[in-house]
Structure formats: C-alpha cells, structure tokens
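Commentary on secondary and tertiary structure
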Amino acid sequence: MTTVIGVDVGGTFTDLVLHDAATGEIRVAKQPTTPAAPELGVLAAVDAAVPAGLLARCAHFVHGTTVGLNALLESRGAAVGLITTRGFRDVLEIRRGDRDDPYDLFWTPPPPLVPRRLRAEASERVAADGSVVGGLDEDDVLRAARLFAEEGVEAVAIVLVNSYANPGHELRAAELLREAGFTGPVSLSHEVSGEYREYERTCTTVVDAFVRHRMGPYLHNLDRELRSRGFGGELLVTRSGGGALTLAEAAARPFETILSGPVAGAAATARLAATLGLGTAVAADVGGTSFDTALIEDGRLPLLYQGEVVGLPLQSPWVDVRSVGAGGGSIAYADSGGLLRVGPRSAGADPGPACYGRGGAEPTVTDAALHLGMIPAWHISGGIELSADAAADALAPLAGPTGIADADTVAEGVVRIAAAHMAQAVRGVTVERGVDARGAAIVAFGGAGPLFGCLIADELDVDTVVVPPNAGNFSAVGLVQADVVRSAARTLVRPLDADALPVIEGLAAALFDRLDGAGAVREVDLDLRHRGQEHTLTVPVRLEEDDVEAIGARFSAAYHRSFGHRLPDPLEVVTVRATTRVVLDADRPLVPAPPSGEAAGGATRLWSFRRRAWAEAPVLAREGFTGPAEGPLLVIEPTATTYVDAGFAVEAHGSGCLMITRKDRG
Amino acid sequence: MTIVRTVYTEANPGLAEGADPVVTEIIRQGLNAAADQMKQSLIRTAFSPIIYEALDFAVAFYDADLCMLAQAPTLPAFMGTLGFCVREAVDGVGGPAALASGDVILYNDPYGTGSHPQDAAMVVPIFHEDVLVGYSAIKAHWLDIGGKDPYCTDTVDVHQEGTIFPGVKLYDAGRLVTDIYRMILANSRMPEMVIGDINAMVAGARTGAEALAALVRRHGLDTFRRSVARMYAHGEALVRAWFERLPDGVYTADSVIDSDGVNQEPIPFGVTVTVDGSSVTVDLTDCPDQVGGPVNCPLPSTVAAVRIAVAFLAGAGEQPNEGHFRPLELVTRLGSLFHPVRPAPCFMYGIPSDHAIELIIRSLAEAVPDSVPAASGGDINALVWWGTREGTGEPWADGAPHPVGQGASRSADGASALMYISESATRFTPAEVWEARNPWRIERLALAADSGGPGRFRGGLGLDLSFRVLEDQYLTSGLARTALAPWGLEGGLPGRPNRLTVEYPDGRAEDFSLKTRVFLPKGAVVHLRTGSGGGYGPPSERDPEAVRADLREGYITPEHARRHYPHAF
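Residues numbered from 1 in each chain as written. Chains lettered and ligands numbered in written order. Predicted model: local features only at pLDDT ≥ 70, side-chain atom pairs only at ≥ 80, totals over all residues.

Assigned secondary structure in chain B consists of 12 helices and 21 strands. Rg of the C-alpha trace for chain B: 24 Å, near the compact-globule value of 25 Å for 569 residues, within the 12% margin. With respect to the principal axes defined by its C-alpha atoms, chain B has extents near 75 × 65 × 45 Å. Relative to its full complement of 569 residues, chain B shows a buried share of 63%. By sequence separation, contacts in chain B at least 24 residues apart represent 75% of the contacts at least 6 residues apart. (Helix = DSSP H or I, 4+ residues; strand = E, 2+ residues; numbered from the N terminus. Rg over C-alpha atoms; globule rule 2.2 N^0.38 Å. Buried ≥ 20, exposed ≤ 12 C-beta atoms within 10 Å, placed from the backbone. Contact = placed C-beta atoms within 7 Å.)

A separate point is the overall build of chain A. Secondary structure summary: chain A contains 18 helices and 36 strands in total. Since a compact globule built from 666 residues should have a radius of gyration of about 26 Å, the 26 Å found for chain A is in line with a globular shape. Counting all 666 residues of chain A, 55% fall into the buried class. Intrachain contacts of chain A at a sequence separation of at least 6 include 67% that bridge at least 24 residues.

With that out of the way, let us pick up the interface of chain B and chain A. Taken residue by residue, the interface counts 63 residues in chain B and 57 residues in chain A. Elements with a minimum of two residues in the side of chain B that touches chain A: helix H1 (21-45), helix H2 (49-52), helix H6 (191-219), helix H7 (221-244), helix H8 (299-314), helix H10 (431-437), strand S15 (440-447) and helix H11 (544-553) of chain B. No other element matches the 13 residues that H1 of chain B contributes to the side of chain B that touches chain A. When the residues that make up the side of chain B that touches chain A are grouped by side-chain class, the tally is 34 nonpolar, 18 polar and 11 charged. (Nonpolar A, V, L, I, M, F, W, Y, C, P; charged D, E, K, R; others polar.)

The assigned domain composition of chain A is domain 1 (3-72 + 214-257), domain 2 (73-213), domain 3 (330-415) and domain 4 (492-509 + 520-582). Taking only C-alpha atoms into account, the centre of domain 2 of chain A sits 30 Å from that of domain 4 of chain A. (Domains from an automatic or database assignment.)

Moving on to the nonpolar core. Val80 of chain A together with Val123 and Ala137 of chain B are the most contacted members of the largest nonpolar core, which has 374 residues in total. Per element, the largest residue contribution to this core is 14 residues, and it comes from helix H14 (residues 407-431) of chain A. When neighbours within four sequence positions are excluded, Val123 of chain B is seen to be in contact with Cys85, Val86, Ala89, Val90, Ile105, Tyr107, Tyr135 and Ala137 of chain B. Membership of the second largest hydrophobic core comes to 18 residues, among which are Ala489, Leu511, Leu528 and Val576 of chain A. (Core = buried A, V, L, I, M, F, W, Y, C linked by C-beta atoms within 7 Å.)

Moving on, we get to the sheet that holds strand S24 (residues 441-445) of chain A. Backbone hydrogen bonds are what pair the strands of a sheet, in a parallel or an antiparallel way. All names here are of chain A. Spatially, S19-S14-S13-S24-S25-S36-S35-S32 is the arrangement adopted by the eight strands of the open sheet, whose pairing is mixed. The outermost strands of the open sheet, each flanked by one partner alone, are strand S19 (322-324) and strand S32 (629-630). With seven bridges joining them, strand S13 (residues 280-286) and strand S14 (residues 291-297) adopt antiparallel strand pairing. Considered in S14, the bridge of Ala284 is made with Thr293. Its contacts with the sheet place helix H15 (residues 449-460) against S13, S24, strand S25 (464-467), strand S35 (648-652) and strand S36 (658-662), and it is angled at close to 155 degrees to S24. (Pairing = 2+ DSSP bridges. Axes fitted to C-alpha atoms, helices over the stretch in contact; angles between N-to-C directions.)

Further remarks concern the sheet that holds strand S1 (residues 3-7) of chain B. Residues and elements named next belong to chain B. Pairing within the open sheet is mixed, and its five strands lie in the order S1-S12-S11-S10-S9. The open sheet terminates on both sides in strands that have one partner only, identified here as S1 and strand S9 (249-257). On average, each strand axis in the sheet is tilted by 20 degrees relative to the strand beside it, whichever way the strands run. Examined bridge by bridge, strand S10 (residues 267-276) and strand S11 (residues 279-283) share five bridges and lie antiparallel to one another. Residue pairing across strands places Asp276 opposite Ser279, the latter belonging to S11.

Take the domain arrangement of chain B next. All names here are of chain B. Partitioning chain B into structural domains gives domain 1 (10-236) and domain 2 (373-569). When each unit is reduced to the centre of its C-alpha atoms, the spacing between domain 1 and domain 2 is 33 Å. Each side of the interface is counted separately: domain 1 has 20 residues, and domain 2 has 22 residues. For the side of domain 1 that touches domain 2, a count of residues per class yields 13 nonpolar, two polar and five charged.

This part takes up the pairing of strand S19 (residues 509-512) of chain B. All names here are of chain B. Pairing of strand S18 (residues 499-503) with S19, which is carried by four bridges, proceeds in the antiparallel orientation. In the sheet register, Glu503 faces S19, and the bridge partner there is Ala509. Linking S18 back to S19 in an antiparallel pair, the connection comprises five residues, with Gly507 at a positive phi of about 95 degrees.

Before going further, it helps to examine the confidence of the model for chain B. In the predicted model, chain B carries a mean pLDDT of 93, and 99% of its residues have values of at least 70. The complex prediction reports pTM at 0.90, with the ipTM value standing at 0.92. (pLDDT = per-residue confidence, 0-100.)

Residues and elements named next belong to chain A. One can describe the packing of H14 onto H15 by two numbers: an axis separation of 9 Å at closest approach and a directional angle of 65 degrees. The way H14 lies across H15 gives a crossing that is right-handed. For the pair formed by H14 and H15, the contact residues are Val415, Ala419, Ala420, Met422, Ala423 and Val426 on the first element and Phe452, Leu455, Ile456, Glu459 and Leu460 on the second. Grouping the constituent residues of the contact of H14 with H15 by class yields 10 nonpolar, no polar and one charged. (Left-handed = near helix turned anticlockwise from the far one by under 90°.)

Let us now look at the environment of Ser323 of chain A. Residue and element names in this part refer to chain A. Of note, Ser323 is situated in strand S19. For the pair Ser323 and Ser556, spaced 233 residues apart in the sequence, the C-alpha separation amounts to 30 Å. Apart from the residues within four sequence positions on either side, Ser323 is in contact with Pro262, Ser290, Phe291 and Asp292.

With that settled, the discussion passes to helix H5 (residues 138-151) of chain A. All names here are of chain A. When the terminal C-alpha atoms of H5 are compared, their 20 Å separation across 14 residues agrees well with the 20 Å that a helix rising 1.5 Å per residue should span. Among the residues making up H5, those that are buried are Val141, Ala144, Ala145 and Phe148. The buried residues of H5 occupy an angular sector of 105 degrees when projected down its axis, which confines them to one face. Across from the buried face of H5, at angles greater than 90 degrees, the exposed residues are Asp139, Arg146 and Glu150. Elements in contact with the buried residues of H5: strand S5 (80-85), strand S6 (119-122), strand S9 (155-159) and helix H6 (168-179). Among the residues trailing H5, Gly152 stands out with phi positive, at a value near 70 degrees. (Expected span 1.5 Å × (residues − 1). Arc of directions from axis to C-beta.)

All right, on to H14 of chain A then. With 25 residues, H14 of chain A should reach 36 Å at 1.5 Å per residue; the first-to-last C-alpha distance of 36 Å fits that figure. Extensive coverage of H14 of chain A is indicated by the burial of 21 of its 25 residues.

The subject of this paragraph is unusual backbone geometry. Residues and elements named next belong to chain A. Going from Gly627 to Pro628, the amide bond is cis rather than trans, its omega being 0 degrees. Counting through the fold element by element, Pro628 comes out in the loop between strand S31 (613-621) and S32. The omega torsion of the bond from Gly631 to Pro632 falls at 5 degrees, within 30 degrees of zero and hence cis. If you trace the backbone, Pro632 turns up in the loop between S32 and strand S33 (633-637). Although it is not a glycine, Asp298 adopts a positive phi angle of roughly 50 degrees. Residue placement: Asp298 occurs in the loop between S14 and strand S15 (303-304). The class for Asp298 is exposed, based on 12 C-beta atoms found within 10 Å. In the Ramachandran plot, Arg612 falls in the positive-phi region, its phi being about 50 degrees despite a non-glycine side chain. Tracing the backbone shows Arg612 in the loop between strand S30 (603-608) and S31.

Attention now goes to the packing of H1 of chain B against H7 of chain B. A packed helix pair is summarised by two numbers, namely the angle formed by the two axes and the spacing between the axes. All names here are of chain B. For the pair H1 and H7, interaxial distance at closest approach is 9 Å and the crossing angle is 85 degrees. Taken as axis vectors, H1 and H7 run roughly perpendicular relative to one another. Listed contacts from H7 to Val23, Thr24, Ile27 and Arg28 of H1 are Thr223, Phe224, Ser227, Val228, Arg230 and Met231. (Parallel < 35°, antiparallel > 145°, perpendicular 65-115°, else oblique.)

A word on the environment of Arg468 of chain B. Residue and element names in this part refer to chain B. Mapped onto the elements of the fold, Arg468 is located in strand S16 (residues 463-469). Separated by 54 residues in sequence, Arg468 and Lys522 place their C-alpha atoms 8.3 Å apart. With residues up to four places along the chain from it excluded, the contact list for Arg468 reads Trp440, Arg441, Glu443 and Val525.

Moving on to the environment of Ala11 of chain B. Relative to the helices and strands, Ala11 of chain B is located in the loop between S1 and H1. In this structure the C-alpha to C-alpha distance between Ala11 of chain B and Leu520 of chain B, which are 509 residues apart in sequence, comes to 54 Å.

Another aspect to go through is the pairing of strand S29 (residues 571-582) of chain A. Residue and element names in this part refer to chain A. Along S29, 10 of the 12 residues are buried, which leaves the element largely enclosed by surrounding structure. Sheet topology places strand S26 (residues 484-495) next to S29; 10 bridges connect them, and they run antiparallel. The residue bridging Thr491 from the neighbouring strand is Thr575, located in S29.

Following this line, the structure appears as structure tokens:
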C-alpha cells in the first residue's frame with residue numbers, strides 16, 4: 001500500500017485527506033477555495049496538513065478540480081475556431097430545437113461557445129457507412145486557417161459529419177492546419193468522442209478545445225509547485241466517469257474531468273458498499289445547496305455515456321449522480337398559492353442560513369433543523385455560533401400564509417418536504433434501473449446527510465442507514481481510493497450476429513492501442529439495443545469467451561430488469577467502449593474518524609418526526625460510541641451530526657460506520 | 001346554432017379544508033415525480049422515433065373524478081386532452097363498474113382524443129384496496145394504424161384517417177385480449193414498430209399506476225383525496241393571481257389558415273378573450289362551419305390550445321394540474337372548425353389548434369405587452385417519409401417536426417430555430433442519426449441569414465434544411481402558415497413564412513404545403529425553409545451596435561442591413 005493524498009476543490013471549501021500507509025494515520029484539512037487561482041487553496045491545504053517529509057513519501061496526489069467546469073460556467077476559456085462540413089456551420093447554435101423550460105415562451109439558449117464568424121465550412125462529405133462521397137477541399141481548410149490567424153483563435157475544433165465512421169478528412173484537415181502554421185491545441189471529434197449525433201459530438205469537441213488551454217497550464221503549474229515542495233509521486237486527476245487520469249491524459253482530454261465534482265462521494269460509497277457487502281446501496285450526500293444521490297449495485301458505480309453541463313451535452317462517460325436543489329441552505333417559502341415550498345433557491349455560504357446571524361433573513365432547512373433540536377444549540381459549525389432565536393424568527397412568518405399552526409410545525413414541514421425531495425431523487429435513480437429502493441441501504445454523508453438518513457429511510461420504506469466515518473468529509477475519502485482509468489468509444493451501428501464479433505474485436509483492439517494502458521485490466525462494453533429502438537443499454541462483454549448468444553442473454557436480462565419485459569426482436573450494436581483500469585490499492589481500509597474533540601454528553605430537546613412530539617433526547621459523542629442505543633437521539637462528530645428518530649436503533653460497526661436499523665415501520 | 005361552454009368546476013367542494021399543507025406539497029411533488037417516471041419508461045423502451053425523439057406523447061394521472069392530477073412535461077399540444085380520452089375509454093368498456101385491476105383500455109377515437117387515430121391512448125385504472133382511485137394514461141403517436149396514407153392531409157371524413165378503437169380492453173384483468181392485438185397488427189402498415197410501441201406504452205402506464213398506488217398507500221386514501229383537493233385549489237390560486245393583474249376587458253385577434261388541404265381557400269377565424277377579475281373566457285365561435293378537409297379541431301384539442309396559451313402566459317413554470325384550468329371558460333359552436341362533429345375529417349387538427357394558441361397569446365398584447373412576443377414561424381412543419389428499402393425490401397417510415405424562429409419581444413431578439421410552442425419539449429433528430437437510419441443525405445442544416453423579421457428587436461432565424469433522397473420514397477408535407485408571414489408587433493416587420501420545395505433530378509421544382517404522398521425519385525432534393533420570428537418595434541430604433549454585430553456574425557447580409565437599418569451606417 002502507498003501513501004496517498006486526495007484534494008477536492010469544492011465551491012466553498014478545498015478538502016484534503018491524507019492516508020499514511022506507514023503509520024495508518026489519517027490527516028484532514030480544510031481551506032477556503034480560492035476561485036481566481038485554485039492552486040493556491042490546494043497548496044495552502046497541503047502546507048497546512050502535510051510536512052515536507054510526508055509529502056515526499058506520497059506515491060499519488062489525487063486531485064478533484066473544478067477548473068474545467070468553472071471555465072464553462074464563467075465562459076472563460078480559449079477563443080475557439082470550428083471547422084465543419086459545408087452546410088453544417090450552425091449545428092452548435094441550432095442544437096436540438098428544445099427548451100430547457102418547455103413552458104417558457106421567452107426561453108433563449110445560451111450563446112454558443114464559438115461565435116458564428118469563427119465557424120468555418122469545408123467542402124467534403126463522408127456517408128454514414130464511412131464511404132467518401134466528396135473529397136476534402138483543402139483550400140477551404142487553408143482559408144479557415146487564415147481566418148483563425150486574423151481573429152486570434154487560440155484553439156481549433158474539427159468536427160466533420162460522420163467522421164466517427166471514417167476520420168480521414170478530420171486527420172487531413174488537422175495536418176493542413178499545422179502546415180498553415182497553427183500551433184495551438186487542435187481537438188478532433190473522432191478522437192474526443194467517436195460517437196454519432198453531430199450536435200452532441202460538436203459540443204463535446206468544442207468544450208474540449210475551450211477548456212484545454214486553461215486546464216493544461218493549471219495542472220502543470222500545480223505539479224511544479226508540488227515537486228518544489230518535495231513531492232515525487234504522480235499527480236492524478238479525477239474523471240467524470242469514475243477513477244482518475246494521469247496528468248498528461250487530463251491535460252489532453254480535459255472534458256473527461258468536467259463532471260467529476262460529485263463523483264468522489266459515489267465512488268467512496270461504492271468502495272464502502274463492497275467492503276460491507278451491501279448488495280444495493282444508495283449514496284445520500286446532503287451538502288449546503290444540493291442533495292446528490294447515486295445507486296450502487298454490487299459495489300459498482302452507475303455509468304452513463306452522455307452527460308450535460310451548463311446546458312451543453314458531453315459525450316463522455318460519467319457517473320450517474322443526480323442532484324436536486326435540497327440542501328442545508330435551501331430556502332423555504334410560501335408560494336402565491338399558499339403552499340409551503342423548499343428550494344431549489346439556496347442561501348449558500350453567504351449570507352447563509354438565518355441562524356448564522358450573517359444577514360440571512362430567509363428561513364432555510366438548517367434553520368428548521370436547528371429549531372427542532374437536530375443540531376445541538378451549542379454546536380459550532382465552521383466557527384459560527386448558531387442562533388436558535390434567529391432561526392425561529394425566520395420560520396415564524398411562514399405560518400400565516402400557509403395556514404400552519406406555529407413555528408414548530410413550520411420547521412417540521414420544511415424538514416419533511418426537504419426529505420421528500422431527497423426521497424423522490426432516490427426513487428428516480430432506482431426506478432429507472434429497475435431496482436426496488438426498499439431493499440437498499442442508505443449511505444448518508446456530507447455535512448447534513450446524517451441528519452436526513454432516518455427521514456429518507458421512512459419515506460422510502462428502507463430499513464438500513466449507514467453513516468460512514470468522517471461523514472462530513474466522506475467525498476474526499478473517495479479520492480484516496482481512486483483507480484487510474486482511461487476509456488475510448490466508437491459508434492458502429494450493425495446487427496449483432498456472428499460476423500459482428502470479429503469486427504467488434506478489431507475495433508476494441510484499435511481503441512486499446514490508443515489507450516496505452518501498460519499493466520492495466522482491459523474492459524469492453526457494448527451499447528446494444530433491439531433493432532428498431534433508439535435508446536441503448538450498455539453491457540459488459542468478455543470477447544475471448546463470449547459468443548453472440550451469451551451477449552444477447554446478458555442484454556436481455558439487463559433489459560428485463562430495467563423495463564420489466566423481454567422482446568424477441570434481433571439486437572443491434574451501436575457503440576463499442578474500451579476501458580483500461582490500473583488498480584492502485586485494492587485493500588486500502590476505510591478511513592476511521594479523527595478524534596472528536598467535540599463537547600458532547602447530556603441531553604437536548606429534540607423533535608421526533610415519528611411521534612410528532614418533543615422529547616428529551618441524549619446527545620452522544622461518536623468517538624467511543626458503541627451502542628446499541630434507541631432513538632430519539634443525536635450522535636455528534638466534528639463534521640456532521642447524526643439524527644436517530646424514535647423507532648430506529650444505532651450501533652457502531654467494526655468498520656467505524658454507524659449502522660442505523662429501523663425497528664418498526666413507523 | 002348550438003353554443004357549448006366548457007368549464008371546470010370543483011368536484012368535491014370543501015374537501016380541501018383541513019388538508020395538511022405539508023403533506024399536500026409532498027403529494028404534489030410525488031405525483032409530478034411519478035408522472036416523470038412514466039415518461040422515462042416510455043422514452044427508453046419505445047420503438048418509433050416519433051415517441052423517443054419527437055416526444056410525440058403525453059403521460060398523465062387523473063383522479064376518479066377525471067380531474068388531472070399531474071402531467072409530465074412532454075408535448076404541450078396534448079395538455080389536458082387525456083381527460084377526455086379517459087372518460088370516453090371508460091365509458092366505452094361499460095363505465096367504472098366494469099373496470100378491474102390489470103385492465104388496459106385502448107382508445108383512439110379522434111373526437112375523444114382530440115387528434116388523429118394515430119394518437120392512441122392507453123388507460124390503466126388504479127385501485128387502492130378495491131377502490132378506484134384514479135387512472136394513469138398515455139397517449140402516443142403510432143407510426144401507422146391504417147387510414148388511406150400513413151399521414152393524411154386530404155381526407156374528407158374521419159373514416160379515411162385510420163382504424164378506430166372506441167374504448168376496448170387490450171388487457172382484461174391482466175390477460176392480453178389477443179383478438180384486439182391481432183386487429184391492431186392487421187391494420188398497420190408497420191406492425192412491428194406499432195407493437196413495440198404498444199408494449200412500451202403498456203409498460204409505462206403500468207409503471208405509473210404502481211407509482212400512484214404506492215403514493216396512495218403511503219398517505220392513506222382520505223389524506224390523499226384531501227391533499228389533492230388542496231393541490232387543485234393551489235394551482236387555481238396561482239393562475240388566478242396572474243389573471244388578476246390583467247386589466248378587465250375584451251381582447252380580440254384574428255388570422256387566416258392557409259387552406260383545409262382539400263379546398264384551396266383561406267380560412268379566416270378570430271379569438272375573443274374576456275378578462276373579468278381573475279376569470280377568463282376564450283371564445284372561438286368566430287370561425288367557419290366544419291370544413292371539407294382535415295383541419296377541423298375536435299373539442300379536446302381546442303381545449304388544449306386554450307390551456308397551452310394559459311400555461312405559457314400564467315403557469316409560473318409549474319407542471320399544471322386540474323386547478324390551473326379552473327379559472328378558464330371556453331366557448332365553442334357545435335359543428336364548427338373548433339368543435340366539429342362526426343364524421344368531419346380532422347387528421348391535421350394541429351393546424352387550427354397551434355394557430356389558435358399563438359392568436360390567443362397575441363390578443364393579450366395590449367393588456368400585458370411584456371408577456372407577448374411577435375409571431376413565431378407558427379407551425380411544427382411536420383414531414384412524414386416512407387418507402388421500401390432497396391436491397392432488403394423492408395418497409396421504413398420516419399417523421400418529425402422541425403424548428404422555427406421565435407418572435408422578438410419587448411426586450412430581446414427572438415430565439416432562432418426552436419420547436420413551435422405546442423411541441424416545445426420535442427427534440428430535433430441529429431442528421432447523423434437520420435443518415436444511419438434512412439436513405440437520405442442531409443446537405444444543409446443551417447440558420448437562414450436575413451430571415452428574422454426586422455425590428456428594434458429582430459425575430460429569430462428560421463432553418464434551411466436540404467434532404468437528398470438516395471432511394472425512391474414518398475413524402476407527406478404537413479406544412480401550415482406557408483402563406484401568412486409571421487406578424488411583427490409595435491412596428492416590427494414580419495418574418496418569413498414556411499416553405500417546402502422539391503427539386504427533381506430533371507431540374508423541375510415544385511412547392512408544397514399540405515400534400516399527401518409526394519413521390520420522390522432517387523436523387524430528388526427536398527428543401528425545407530422554416531418560418532422565422534416577427535420583429536418587435538420599428539427597425540429604425542434598433543441599436544446600431546446590434547446591427548453591426550448581426551452583420552459581423554452573418555445573421556444578416558450587408559444588403560439587408562442597409563435596407564432595414566440605414567441608421568446603423
């Protein structure tokens with residue numbers, strides 16, 4: 001086992017977790033994120049928590065970064081030029097013709113990342129079967145090169161129609177561009193994505209070009225700074241589809257890292273589920289502004305192959321983590337029809353909940369939880385003294401317009417509605433994969449997750465809630481457990497028959513050649529569908545042993561599980577996916593909680609949702625807690641508070657997790 | 001002359017009182033989420049692109065009193081029409097007493113669905129401890145269920161439009177009724193696709209039924225009913241609050257439909273909207289008697305048009321329920337364009353319905369100028385294609401709506417190339433998917449420079465699309481608004497109307513609007529030029545910098561700029 005540092009840059013805080021393999025010691029640190037130059041916050045966290053000698057012993061520095069995402073959010077990226085097939089320059093702007101809000105008469109798409117004057121057309125045409133219908137007009141490419149030089153274009157995306165089936169013209173256009181003297185990064189659509197759907201592939205390629213010139217310099221600079229502090233290991237960057245990329249890969253394929261923010265928590269849940277033998281687990285991560293959830297089956301991350309960020313589709317593997325606007329900072333209000341509503345608007349970190357006393361006047365979920373005793377009044381959150389009076393004052397005005405009796409009942413309603421939102425999101429991720437949530441264990445983490453575990457369990461009829469060690473920092477724990485993963489894909493629409501297998505094998509071999517994964521485990525997946533359908537299911541295949549019948553049976557089983565029926569129709573291959581995985585540390589243990597240092601003990605006045613009444617409830621310190629104990633009660637630790645309602649029992653598990661069991665069905 | 005007033009009244013007055021507002025909100029969210037689950041299930045298992053790409057379907061829950069509990073955001077054009085379907089479907093099989101758990105009712109009578117026989121509904125009754133608590137319903141477009149052509153613009157009665165299933169059990173207490181199944185197969189040109197879609201619809205409606213039953217189980221039937229009543233009251237209050245802001249008065253607008261597809265004569269009609277406090281009456285009696293061609297709009301779709309207009313104007317971005325529509329009253333005339341009677345043909349019902357939506361919105365331009373944009377391209381530009389593949393001899397078919405430019409508003413240019421508002425959630429199929437599937441090469445997919453109506457704010461651009469056909473095939477063109485240019489407002493100029501031109505291999509070219517079964521020989525090119533948005537305010541008031549930016553990006557040409565915006569130079 002090796003010593004590993006994980007650093008996750010979030011919207012508000014940069015979290016560091018270090019696992020020292022020699023001593024088994026865990027270090028954690030938290031520094032404010034420095035949005036203008038994120039590496040400063042990262043280095044500050046390193047300087048605060050990691051002595052130089054220890055840094056020198058680290059084999060891996062796993063980094064979760066939002067640099068790429070922020071470049072998109074703030075539209076601060078390269079000036080990109082696009083070369084595309086004649087007739088198709090407006091693909092990026094035409095999109096798919098739909099609206100984010102179907103009932104908004106005035107909805108307007110965000111401006112395209114490449115303005116129209118920088119979208120150049122070249123005469124050429126390849127058919128869907130890869131045959132060349134019209135040769136590439138090289139003068140068109142040279143004209144584009146001149147235009148880009150005049151306009152100060154910094155990065156170029158080349159996206160030609162049907163290039164997934166034959167990349168010849170894209171490669172030649174890139175060559176011409178180089179010959180014409182263009183020296184900046186060039187992104188080719190068949191390398192970036194290799195999948196069909198020209199709008200989605202164009203978007204992915206343009207995003208790649210747009211963020212690359214920020215990502216590369218940022219990562220190289222961070223690497224240099226770490227090395228100057230004595231770091232001699234490898235810098236890895238987390239990937240939207242799980243695992244991590246090497247620095248060189250991340251700098252070359254930055255679009256693969258853009259949706260990685262919420263992945264670490266899901267990855268940590270997957271590892272925990274595998275360790276504890278939980279067949280079906282649901283990650284329930286409650287932060288300040290959102291609830292993030294993912295379904296983990298047999299310890300595997302749920303993967304999708306198209307994501308979306310700021311309204312832009314990305315053809316890239318990503319872990320299916322769903323986010324809804326229900327977190328500690330979510331604001332409660334009475335709408336004009338007199339119903340009590342919660343979120344998605346959030347008070348954020350500034351001004352924050354009313355109880356922070358920093359000028360926030362609107363009531364939030366945190367205010368409601370404080371009012372109900374779920375957060376002990378003496379609890380210090382990030383150095384802020386919480387004001388129960390401010391919370392009550394903010395909640396009380398909601399009673400009148402909603403017809404609710406008093407502030408207690410308002411607070412109860414706010415927490416129940418927030419929990420119902422969370423439960424809906426869990427239903428979404430389970431039902432869509434044909435899984436009955438009732439058989440799952442809820443893994444509750446994030447600053448506010450352990451407050452909601454029992455409430456979500458009751459909404460979903462779930463009997464088991466697991467609160468991992470370091471619940472508030474659990475996402476960062478996922479970083480130190482990452483594998484090195486690379487992937488590539490190519491669309492190949494054809495029948496799945498005996499003739500298909502050699503073609504698939506050849507394609508997979510070509511994809512693996514590009515991935516260069518020495519010593520890696522190779523995985524092949526196929527996107528399959530019934531002929532006539534459009535949407536696909538992805539199933540793993542073992543090319544050396546599977547025949548067509550075996551693959552078909554696997555698809556059919558997956559289809560039946562997702563949709564509840566089987567169809568006799570023949571199967572079609574749509575996309576071949578190749579993945580290489582280098583497992584760094586299969587047996588890294590769960591990270592135990594650091595010493596609490598929390599003033600615990602005694603009792604508090606706590607609301608029981610089950611009893612709909614107040615109770616005098618014990619407040620227990622997590623450190624040293626063994627249990628079992630029956631709710632209502634609180635278990636507190638530095639980064640989180642666990643709420644256990646009446647009808648639930650809690651005990652400490654050997655792994656360091658709190659295991660909460662529903663004793664009766666409420 | 002029979003005048004019909006369609007109103008929505010509270011089914012259970014007083015039931016809402018005493019409902020817990022917190023539980024009401026939790027149930028409201030639960031209903032919307034369950035409707036969404038039903039939608040996702042259908043999208044992911046459907047066989048025809050009309051369902052999984054064009055989202056030409058609606059999914060909804062109704063309570064036992066046939067009030068709409070929730071509808072997932074799909075095709076606004078079907079907004080609220082499922083209530084009529086459910087009523088007729090249940091009546092067809094003998095009323096609520098004849099229903100059993102496990103039943104699936106098939107219904108596609110155009111006078112109850114509001115549309116053509118291709119739009120077929122599946123209705124699943126939902127029971128809680130043997131009490132009927134509601135229905136899940138899906139209405140989706142089947143590629144073909146008979147009729148004189150797969151898509152018809154020239155029918156003269158409803159019987160030419162497809163096989164009608166007037167409310168029959170496809171599943172009887174969970175058992176497939178094979179006679180009905182075989183009837184469907186025998187009456188479709190594309191039986192495999194249709195059967196695939198039927199299975200997807202049944203699975204979706206059952207998924208929905210289970211989700212709703214679970215919600216009722218969780219909260220108990222009495223709490224569920226009270227909370228739902230409170231939820232309707234809430235929806236009603238939201239819409240009333242919006243209408244309350246409108247000055248009381250009578251607002252009108254009129255327009256002209258190109259033709260009925262059979263008789264090449266323009267069809268004028270008008271809308272009158274009366275605002276009285278928080279109540280609104282929409283009168284659509286100012287129209288001709290039902291016409292000889294298939295542009296008659298059955299009452300359910302007329303109702304939907306009014307509901308869509310209201311949802312866009314006043315819905316506050318919420319998923320609507322029955323309550324949202326209670327402030328509305330609709331007035332129609334039996335036997336007219338907007339309330340036809342059997343056997344008037346109505347295959348292209350969407351043309352009058354879509355036109356009415358935009359006209360209702362326009363009528364309120366004076367009352368709420370900030371909420372009313374200039375006209376959009378105004379149509380869904382439906383094209384339906386079919387043929388037999390060379391080589392394999394397999395039949396194929398495809399069909400899709402196409403985006404148009406949106407009207408400029410008081411504060412912004414119109415958006416370019418978005419689906420018409422009645423299909424606003426619909427996605428346009430990528431050219432690469434089309435080419436992998438159909439014998440086509442897409443030669444052009446571009447915004448049309450200069451097409452946006454000039455104004456202080458200009459209209460959104462229309463789309464230029466060229467399809468080269470690589471094998472012999474047929475096309476039915478469903479284009480409307482080809483004669484009437486999209487109107488500007490407050491001095492803004494009109495945009496361009498929709499246009500379809502077929503360029504034959506011999507060099508001949510011909511334009512079509514409503515035309516069934518146009519033969520396209522291999523090598524022909526179909527040029528679709530979709531309408532753009534009208535402008536808002538006089539062009540002379542356009543910010544010169546905006547004119548120069550449009551010129552720089554090529555959204556307008558120098559000639560167009562000099563002609564309409566000389567002040568910018």
